[in-house]
Amino acid sequence: LINEPTAAAIAYGLDQGSEGVYAVYDLGGGTFDISILRLTRGVFEVLATGGDSALGGDDYDRALAAWALAQTGLQATTAQDLARLNQAARQCKEALTDAEEVSLTVALAQGPLHCTVRRADFEACTQSLTQRTLQAVRKCLRDADLSASDIQGVVMVGGSTRMPQIQRAVGELLGCTPL
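Residues numbered from 1 in each chain as written. Predicted model: local features only at pLDDT ≥ 70, side-chain atom pairs only at ≥ 80, totals over all residues. Heavy atoms only, no water.

Caption draft 1: Main features of the side chain of K93. Positionally, K93 belongs in helix α3 (residues 79-95). By relative accessible area, K93 is classed as buried at 8%. Among the polar contacts made by the side chain of K93, one reaches the main-chain carbonyl oxygen of G57 at a distance of 3.4 Å. Residues in contact with K93, not counting those within four places in the same chain, are G57, Y60, D61, L64, F122, S160 and M163. (Helix = DSSP H or I, 4+ residues; strand = E, 2+ residues; numbered from the N terminus. Buried < 20%, exposed > 50% of the residue type's maximum accessible area, 1.4 Å probe, protein only. Polar contact = N/O pair within 3.5 Å; in protein donor to acceptor, adjacent residues only side chain to side chain. Contact = heavy atoms within 4.5 Å.)

This is the structure:
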């Protein structure tokens, strides 16, 4: 058995001749993990790990849902409303990966919620979540006694890493295009 960051690095193919220090940034639906690995002659050494077990893509969905409610002045008054709204927010979030603007529409007990969401709106209402991941990356770098310039590459794992603001923020922090 191998640990998850090493498995991700192998799945990406880093064990096929790459050497150096790599970060594995794993933002899934419910958790965030960051690992820094050194690869030498096909052997992975975990230098540091970190993350936030209470942060994931679901938090981005909820932040977008709250933003949509604030924009329209409506409320999700039932558990069914909340479930439908979170599902619509997730679909909107996923669509914003490829589009600059998406309609978010959902039927609530109080009436229909409809608003237009620009990618910039989504990025603004979730900026604090993205910053939380970057804080964990910085801490992991400190724990490994490394700087961002020591990282040769970063492997992105998890569906939430498809968000353009995540790709951009991680690339800017670590000074390399995410893999």
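Caption draft 2: Here's a closer look at helix α2 (residues 57-72). Here α2 is 16 residues long and its end C-alpha atoms lie 23 Å apart, about the 22 Å a rise of 1.5 Å per residue gives. Looking only at α2, the buried set comprises G57, D59, Y60, D61, A63, L64, A65, W67, A68 and L69. A positive backbone phi angle near 75° is found at G73, which sits one or two residues after α2. (Expected span 1.5 Å × (residues − 1).)

Caption draft 3: Structural context of the pattern of salt bridges. Following the criterion strictly, the structure yields ten salt bridges and no others. One salt bridge connects E45 with R38, and the closest N-O pair in it is separated by 3.9 Å. (Salt bridge = Lys/Arg side-chain N within 4 Å of Asp/Glu carboxyl O.)

Caption draft 4: Spotlight on the environment of T177. By the element assignment, T177 lies in the segment after α6 (164-174). Put simply, T177 and I36 are 141 residues apart on the chain and 16 Å apart in space, counted from C-alpha to C-alpha.

Caption draft 5: Looking closely at the packing of helix α5 (residues 127-143) against α6. Where α5 contacts α6, the two axes come as close as 11 Å, and the packing angle between them is 30°. Here α5 is positioned roughly parallel relative to α6, judged by the angle of their axes. Crossing angle aside, the handedness with which α5 passes α6 is right-handed. Side by side, α5 and α6 meet where T130, L134, V137, R138 and L141 of the first sit next to Q165, I166, A169, V170, L173 and L174 of the second. Taken together, the residues that form the contact of α5 with α6 break down as eight nonpolar, two polar and one charged. (Axes fitted to C-alpha atoms, helices over the stretch in contact; angles between N-to-C directions. Parallel < 35°, antiparallel > 145°, perpendicular 65-115°, else oblique. Left-handed = near helix turned anticlockwise from the far one by under 90°. Nonpolar A, V, L, I, M, F, W, Y, C, P; charged D, E, K, R; others polar.)

Caption draft 6: The nonpolar core, seen in detail. With 48 residues, the main nonpolar core has Y25, L104, L113, V117 and L174 as its most contacted residues. Core analysis: the second largest hydrophobic core is formed by nine residues, A8, A9, L37 and V155 among them. (Core = buried A, V, L, I, M, F, W, Y, C linked by side-chain atoms within 4.5 Å.)

Caption draft 7: Region of interest: the sheet that holds strand β6 (residues 153-157). Spatial ordering of the open sheet is given by β3-β2-β1-β6, a layout of four strands whose pairing is mixed. The sheet is open, and its two edges are formed by β3 (43-52) and β6, each paired on a single side. This sheet shows a mean twist of 20° between the axes of neighbouring strands, independent of strand direction. Across eight bridges, the pairing between strand β1 (residues 20-27) and strand β2 (residues 32-40) is antiparallel. Residue D26 lies in a different strand from β2, and its bridge partner there is D33. Contacts from α5 reach β1, β2 and β3 within the one sheet, and its direction differs from that of β2 by about 35°. (Pairing = 2+ DSSP bridges.)

Caption draft 8: A look at the pairing of strand β4 (residues 101-108). Only one face of β4 is buried: it carries V102, L104, V106 and L108, and the other face, with E101, S103, T105 and A107, is open. With eight bridges joining them, β4 and strand β5 (residues 111-118) adopt antiparallel strand pairing. Considered in β5, the bridge of T105 is made with H114.

Shape descriptors only; they carry no functional weight alone.
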